[in-house]
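# Chains, contacts and geometry: an overview
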Amino acid sequence: MNQKKYNTVGNRNDRICRELLAKELLNEKITHVIDVAEDSYFWKEDIDLICVNDNAKNRFVTIEVKVDGYKPVNGRKYIFCETISNSNKYLISSGREGLGNLFVSKSDYMLYYFIYSDSYLIVDTKELQEFVKANMEKYNVKAANTLGYNGHTLYSSYGLLVPVEDVLKKLNAKIIHSRYRFQDFVNKETKIENATDA
């Protein structure tokens, strides 16, 4: 079953976040931002956005976007580094399928957008992959269930909760405060939906 058909709230937040970032990331260096999340080729590569810089040696930079709607816990912010995306596929294939997006992403950067603070963490994907592999024993494993229409669990995803402060201290990463508010984009879309329904 295609996730796009039953995870409507998550998909909406992902889409809105990509729209916000397409505006946010434009600057004097990045001339175009292309949303490729719905393209089957890039979907398999776990790439959501392509940033184009016509004047750079590396003209194209690819980004995987993760939307984080959780508030800090005891003053600490974490990112969910998915190691298993689909527990059913992972078990049936003896680990050949169902690996988490962190390990299968071919993006240049992972971008975690924090809805509640309108800021985002951007980190080199290869560095994060290597860091997580080297520190799997250090961080807590968490499960996230994907529910079907009937509310039953279709499968579980697993990953590590990695403190943002560890990523900032040990990797080529930074937090940037967005010029835009996520909620403004949600309000705009809701207004359009309401006008269409009327």
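It should be noted that the structure appears before, not after, this text.
A brief report on the enclosed structure follows. (Residues numbered from 1 in each chain as written. Predicted model: local features only at pLDDT ≥ 70, side-chain atom pairs only at ≥ 80, totals over all residues. Heavy atoms only, no water.)

## Let's talk about the sheet that holds strand β4 (residues 78-84)
Strand order across the open sheet formed by three strands is β4-β8-β7, with antiparallel pairing between neighbours. Of all strands in the sheet, those bounded by a partner on one side alone are β4 and β7 (141-147). The mean inter-strand angle of the sheet, taken between neighbouring strand axes irrespective of direction, is 40°. Bridging between β4 and strand β8 (residues 153-163) involves six bridges; their strand directions are antiparallel. Across the sheet, the residue bridging to F80 is L161, located in β8. Docked against the sheet, helix α5 (residues 125-134) engages β4 and β8, running at close to 80° with respect to β4. (Pairing = 2+ DSSP bridges. Helix = DSSP H or I, 4+ residues; strand = E, 2+ residues; numbered from the N terminus. Axes fitted to C-alpha atoms, helices over the stretch in contact; angles between N-to-C directions. Contact = heavy atoms within 4.5 Å.)

## Here's the deal with the environment of G75
Along the polypeptide, G75 turns up in the loop between β3 (60-68) and β4. A residue is classified by how much of its surface remains accessible, and G75, at 74% relative accessible area, is exposed. C-alpha of G75 to C-alpha of V33: the two residues are 42 residues apart in sequence and 33 Å apart in space. (Buried < 20%, exposed > 50% of the residue type's maximum accessible area, 1.4 Å probe, protein only.)

## Considering unusual backbone geometry
Trans is the common state for peptide bonds, and a negative phi is the common state for residues other than glycine. With a phi close to 55°, D46 is a non-glycine residue in the positive phi region. Position of D46 among the secondary structure elements: in the loop between α2 (40-44) and β2 (49-52). Even without glycine at this site, N74 takes up a positive phi of about 50°. Note on placement: N74 falls in the loop between β3 and β4. Judged by its relative accessible area of 77%, N74 falls in the exposed class.

## Remarks on the sheet that holds β2
Spatial ordering of the open sheet is given by β1-β2-β3-β5-β6-β9, a layout of six strands whose pairing is mixed. Edge positions in the open sheet fall to β1 (32-35) and β9 (173-177), since each of these has one partner strand only. Across the sheet, the axes of successive neighbouring strands diverge by a mean angle of 25°, strand direction being ignored. As judged from the five bridges shared by strand β6 (residues 119-124) and β9, these two strands associate in the antiparallel manner. In the sheet register, V123 faces β9, and the bridge partner there is A173. Docked against the sheet, α5 engages β5 (109-114) and β6, running at close to 80° with respect to β6.

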